[in-house]
Amino acid sequence: MMSSELQTSVEGAWVSRDTLDQWLNRLQYDEYKKAVCGVTVRFLTAEMSYRVGVVHSVAPPLQDGTLLVDAGTGPTEVVLPKNVSNSLFKKHELSDWMLTPLSKQDNIIKRLDEAAANVQSLRNLVKKNGKSPGAKPATPPSSARGGVPVSQVSVPMALPKKSTGRSVSAGATSPPADAPVLFPHALMIAADGTALGHLPVSEIVNRALASVGDEPWTVNGLSASASFSPFGMGLPSLGVFSIAAEGSTTAEIVKQLEQDTRGVCGVDMRVRDLMASCVKSWKKGIKSVGKDFPTRIMHLCADVQKLFQTESMVLNINSPTCVFGDLHGNFGDLHYFMEKLLVFGDINYTGTSFLFLGDYVDRGVHGLETVVYLFCLKVLAPRQVFMLRGNHESPEVNGDVKQYGDVSFKHEVMTKFPGRVGEQVWETINRVFRYLPAAGIIDDKIFCVHGGIPRFLGGDDDRLTTLGDSKFPRLQTIQVQPSVFQQESAWVQKCRKILEDLVWSDPADRGSALDDHGFGDNPRGIGLKTFGSRAVDNFLDRHGFTHIFRAHQEKSNGVRICDNARVLTIFSTSDYIGHQNGAGVVFVGHGSIRLVIKEASA
């Protein structure tokens, strides 16, 4: 039942986009975090539909005020302030299906009423004082930025002050949150087309100003409350740098930008250096990259794990995107494809997203370089690079030296880093694997997974609802011994079976025995499943999908199309364990699905 009491409480805690922007610009960081907790917002989802939810917290790490919102399934919605509705509370805009999930939250009325009182007090404070005492824009202190990927941080900038008689107000209005920003390094290309690396923008500015001079910046008739904020750090999080006083030259502005962002840009550069080390290790061997390689890897893992922890188990991805299947430590094929697909060899200049379907390690000699390279891409472009979990991204598989021998991932890491260091690197990477999402959906139409669709036993079909639940456990190991499984709760058992099916199942062979729902036993092992045409039909129809993209099986040409061209198996490593097979990648964009196939070596 939808009570008027709930509507009244939602209205009392209602916050618009303008209010959020006001708090973000006028409150201290800790004040902003406290202010937003518990308020209600109407926001635009990735599926371009509006929902209503309660703000749980500021998204870690802070992304220009980005919020984690609970719309009824836990704090799983990552919402930018610009995607919050700016309209006043209107009952006719709130349908029952929006509010019903909120009504199921514990003590929701009491919590909303408490938030409403806090909202009103903050509004009165801001209205009375103009800003909170001692306030500054709600960006985290420098200590909160250490080790955080450059694309996730906004940085305040204090420019050199000059005594010119007039100054820009400290409370200057910032440009829109979605305004384009200038990154403080330029990608340089030689005349022959060779990438030379990144050059500080100040050097570019100095070259340009050598012949024309450099005039100090002035307000030029603008009001004292105006601001000049041309610089920012990374995408999609757009940081703002405001001038503290007029009279600074262009060269001074840019130089100060680089000085104040050296630590943050350093993260970006360190990640790029680590990517280069992966390439060097692949070409020249592990001894060519220095003794600090394992330490750098573990630092990277700490950064990338934070990103995966904020993602749902089911990703929503917009095309255009390139989809990769199994890589299995074949760094050569990965490097070949990425060289062709990355504009100027740089993810941040590329307009395409990338989805990797799992199985990055085992059965290849460069699993370490492969997974570290992908982690680097994720840190550099967290909204462009997506990684799913495969059955080999679990320690009971990639640590099974008895089964896989010298092509086991653990054996590879222990060989490259002998002793306790090797164990630490292997354990650290597996801790990251624990948080990898299990499925992705491209344009609401293509279901992407490593293995296949979860089994259906009849009754209510809650397979994807369960997977998308914020309470879905991030399991360290996908498969456990029966004695361990029997001691787990019914909820964990259910989730474990769903995850197991997602990473282990295969399309059924023609003529194999299937149950009434289209599922059968998988010869890979006891308890594993296959899925036939009936299972595919029901799954696609029930969820409105048109295709299933999966990996998990070697195919002679890198791609196999089956089940009336609705299921595509993608395998992106050629010459797999000595076989003469090709490697495939699938491009989705502009209303079409296109195959890219690298043929096997002769």
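From a predicted model like this one, the values you see are computed outputs, not experimental measurements. (Residues numbered from 1 in each chain as written. Predicted model: local features only at pLDDT ≥ 70, side-chain atom pairs only at ≥ 80, totals over all residues. Heavy atoms only, no water.)

Colleague: Teacher, can you tell me more about the overall build of the protein here?
Modeller: The number of helices and strands found in the protein is 19 helices and 20 strands. By sequence separation, contacts in the protein at least 24 residues apart represent 70% of the contacts at least 6 residues apart. Summed over its atoms, the accessible surface of the protein is roughly 27,100 Å², and 51% of this surface lies on carbon and sulfur atoms. (Helix = DSSP H or I, 4+ residues; strand = E, 2+ residues; numbered from the N terminus. Contact = heavy atoms within 4.5 Å. Areas by Shrake-Rupley, 256 points an atom, 1.4 Å probe, with all protein chains shown as cover.)

Colleague: Can you walk me through the sheet that holds strand 19 (residues 583-589) in this structure?
Modeller: Each strand in a sheet pairs with its neighbour through backbone hydrogen bonds, running either in the same direction (parallel) or in the opposite one (antiparallel). Pairing is mixed across the open sheet formed by five strands, whose spatial order is 10-9-8-19-20. One side of each edge strand has no neighbouring strand; the edge strands of this open sheet are strand 10 (385-387) and strand 20 (592-598). Across this sheet, the average inter-strand angle for adjacent strands is 20 degrees, counted without regard to direction. Helix 11 (residues 367-380) rests against strand 9 (353-356) and strand 10 of the sheet, and its axis sits at about 135 degrees to strand 10. (Pairing = 2+ DSSP bridges. Axes fitted to C-alpha atoms, helices over the stretch in contact; angles between N-to-C directions.)

Colleague: Got a minute to help me understand the packing of aromatic side chains in this structure?
Modeller: We describe a pair of aromatic rings using the distance from one ring centre to the other and the angle between the two ring planes. In this structure the tally under the stated criterion is 12 aromatic pairs. Seen in terms of ring centroids, Phe 331 and Tyr 373 are 5.4 Å apart; in terms of plane orientation they differ by 90 degrees. Their pairing is edge-to-face. Of the two residues, Phe 331 is situated in helix 10 (residues 331-341) and Tyr 373 in helix 11; the sequence distance between them amounts to 42 residues. Where Phe 539 meets Phe 545, the ring centres are 5.8 Å apart and the plane angle is 50 degrees; that geometry is what we call tilted. Take Phe 539 and Phe 545: they sit in the same class, and that class is buried. Here the aromatic cluster, defined as three or more aromatic residues joined through ring pairs, consists of Phe 324, Tyr 336, Phe 337 and Phe 356. Sitting above the plane of the Trp 426 ring, Lys 410 keeps its charged end 4.5 Å from the centroid. The ring centre of Tyr 336 lies 5.7 Å from the NZ or CZ of Lys 598, which sits over that ring. (Phe/Tyr/Trp six-rings, centres within 6.5 Å; stacked < 30°, edge-to-face > 60°. Buried < 20%, exposed > 50% of the residue type's maximum accessible area, 1.4 Å probe, protein only. Lys NZ or Arg CZ within 6 Å of the ring centre and 35° of its normal.)

Colleague: What's the story with the packing of helix 11 against helix 15 (residues 420-433) in this structure? I'm lost.
Modeller: Packed helix pairs are characterised by how far apart their axes lie and by the angle those axes make with each other. Direction vectors running N to C along helix 11 and helix 15 enclose 50 degrees, while the axes themselves pass 12 Å from each other. With respect to helix 15, the axis of helix 11 lies oblique. For the pair helix 11 and helix 15, the sense of crossing is left-handed. From helix 11, Leu 368, Val 371 and Phe 375 reach across to helix 15, where they touch Val 425, Ile 429, Val 432 and Phe 433. Residues of the contact of helix 11 with helix 15, tallied by class, amount to seven nonpolar, no polar and no charged. (Parallel < 35°, antiparallel > 145°, perpendicular 65-115°, else oblique. Left-handed = near helix turned anticlockwise from the far one by under 90°. Nonpolar A, V, L, I, M, F, W, Y, C, P; charged D, E, K, R; others polar.)

Colleague: Is there a simple way to explain the pattern of salt bridges in this structure?
Modeller: Opposite charge on two side chains makes pairing possible when the charged atoms of those side chains draw close. Evaluation of the coordinates by the stated rule reveals 19 salt bridges. With a closest N to O distance of 2.5 Å, Asp 506 and Arg 524 form a salt bridge. Taken as a pair, Asp 506 in strand 13 (residues 506-507) and Arg 524 in the loop between strand 14 (519-521) and strand 15 (529-531) lie far apart in primary sequence, 18 residues in all. Judged by its relative accessible area of 4%, Asp 506 falls in the buried class. (Salt bridge = Lys/Arg side-chain N within 4 Å of Asp/Glu carboxyl O.)

Colleague: I tried to follow the side chain of His 552 on my own but got confused; where do I start?
Modeller: In this structure, His 552 sits in the loop between strand 16 (547-550) and strand 17 (559-562). Here Asn 391 takes part through its side chain, which lies 3.3 Å from a polar atom of the side chain of His 552. Within the structure, His 552 has its side chain in polar contact with the side chain of His 450 (distance 3.1 Å). Once residues lying within four places of it in the same chain are set aside, the contact partners of His 552 are Asp 326, Asp 359, Asn 391, His 450, Gly 451, Val 503, Trp 504, Ser 505, Asp 506 and Arg 524. (Polar contact = N/O pair within 3.5 Å; in protein donor to acceptor, adjacent residues only side chain to side chain.)

Colleague: What is the right way to read unusual backbone geometry from this model?
Modeller: Peptide bonds are, in most cases, trans, and in most cases residues other than glycine have a negative phi. Across the junction of Ser 319 and Pro 320, the peptide omega takes the value 5 degrees, indicating a cis bond. Residue placement: Pro 320 occurs in the loop between strand 7 (314-317) and strand 8 (321-324). Within the chain, His 328 stands out as a residue other than glycine whose phi angle is a positive 45 degrees. His 328 sits in the buried class, given a relative accessible area of 3%. The phi dihedral of Asp 443 falls on the positive side, at around 55 degrees, and the residue is not glycine. A relative accessible area of 31% places Asp 443 in the partly exposed class.

Colleague: Would you take a moment to explain the sheet that holds strand 4 (residues 75-79) for this structure?
Modeller: Read across the sheet, four strands follow the order 1-2-3-4 without closing on themselves; strand pairing throughout is antiparallel. The two strands at the open ends of the sheet, each matched to only one other strand, are strand 1 (40-44) and strand 4. Averaged over all neighbouring strand pairs, the angle between strand axes comes to 55 degrees, with direction disregarded. With five bridges connecting them, strand 1 and strand 2 (residues 50-58) associate as antiparallel partners. The residue of strand 2 that forms the bridge with Arg 42 is Val 52. Sheet strands in contact with helix 3 (residues 29-36) are strand 2 and strand 3 (67-70), and its direction is about 135 degrees off that of strand 2.

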